[in-house]
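Architecture at a glance
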Amino acid sequence: MLKTSVQQLLCFGIQAATGNPALVVQDDQCDAGQRQQFARDSNQPACVFIDRSADGAITLDYYYPHARSPLCLHATLAAARLLLSPQQAQLQVRTAMQAQLLTLILRDDQVYVRLAPQPVAQPDMPPDLAARLLAMPAIALASPPVLASVGSPKLLLQVADSSTLQALRPDLAAITAWGKAHAVNGCYVWCRRADGTLEGRNFNHLEPAMEDQATGVAAGALSLHLGQPLALYQGAALGQPCLIRTELDGDAILVGGRAEFVQAA
């Protein structure tokens, strides 16, 4: 693979040297198939390729090890950290698959992505849907299931508390099959904590070891659904404690947090 720059960053970490890893690739000349192979071989949670056109426009192209993605916000934070500076603290880019407009913002050493809500159809959801997907026949959700999207649709499922959330061992094959049938990129299970913050887990892979440490698109979708800014914790049980913050900005959502360089790959 021809490449001139690959850098690894950790995103949404609560403290230094924690967070969800992403690789940022610049100035390569590869096609989509080669990029997918690179992401597969790298075996990182996400890779984002920065493409620059002759007129200076920037496009972000996202890949997980198993598939190309329309949007990955933790990888977007990684790209934003590379592209932004105090001299250029705001920049507009587009996504490769859907040409979605994103505004990258650097503020108080935190990186944010401003993005608009995306329309999503609400399919029929049978009463036992959550029980089947989460492999818990007796589970009682704290609110009805709902789909929401800021670019990558998520099925949002609220459970009663953190202990219920962390005990989940869902049917990943069933989640994947349901998602493919309804054009949904996995489910995000969340709960409210006693201190007023939220906690969540994302299920979007067939392999349990690939569970996300932080899922920005889910945080954006949840903030959109609840209509409020969020402090959302994720990843502590995976050894990478993360904090995703969201804000409401008119009709748009800001999703952000820390993003720090690790090393050149």
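The following paragraphs examine the structure supplied in this document. The structure displayed is predicted, hence computed values, not measured ones.

Attention now moves to the environment of Gln98. Within the secondary structure, Gln98 is located in the loop between strand S6 (90-95) and strand S7 (101-107). With sequence-adjacent residues up to four places away left out, Gln98 is seen in contact with Pro70 and Gly151.

The next subject is helix H1 (residues 32-42). Within the span of H1, buried status applies to Arg35, Gln36, Phe38 and Ala39. Each buried residue of H1 lies within a common arc of 160° when the element is viewed along its axis, so the set occupies one face. Opposite the buried face of H1, by more than 90 degrees, sit the exposed residues Gly33 and Asp41. Tucked into the core, H1 has its buried residues touching strand S1 (5-11), strand S2 (20-26), strand S3 (47-52), strand S4 (58-63) and strand S5 (68-69). You can read the cap of H1 off the contacts: a side-chain oxygen lies 3.2 Å from the backbone nitrogen of Gly33, and it is on Asp31. Backbone geometry just downstream of H1 places Asn43 in the positive-phi region, at approximately 55°.

Bringing the environment of Cys242 into the picture now. Tracing the sequence through the fold places Cys242 in strand S14 (residues 242-249). Put simply, Cys242 and Val150 are 92 residues apart on the chain and 20 Å apart in space, counted from C-alpha to C-alpha. Residues contacting Cys242, with those up to four places away along its chain left out, are Cys11, Phe12, Gly13, Ile14, Gly19, Asn20, Gln213, Ala214, Leu232, Tyr233 and Gln234.

Moving on, we come to the pairing of S1. Burial runs high along S1: six of the seven residues are buried. Pairing analysis gives seven bridges linking S1 to S2, with the strands arranged antiparallel. If you follow Val6 over to S2, its bridge partner there is Val25.

Basis of the calculations
- Residues numbered from 1 in each chain as written.
- Predicted model: local features only at pLDDT ≥ 70, side-chain atom pairs only at ≥ 80, totals over all residues.
- Heavy atoms only, no water.
- Helix = DSSP H or I, 4+ residues; strand = E, 2+ residues; numbered from the N terminus.
- Contact = heavy atoms within 4.5 Å.
- Buried < 20%, exposed > 50% of the residue type's maximum accessible area, 1.4 Å probe, protein only.
- Arc of directions from axis to C-beta.
- Polar contact = N/O pair within 3.5 Å; in protein donor to acceptor, adjacent residues only side chain to side chain.
- Pairing = 2+ DSSP bridges.

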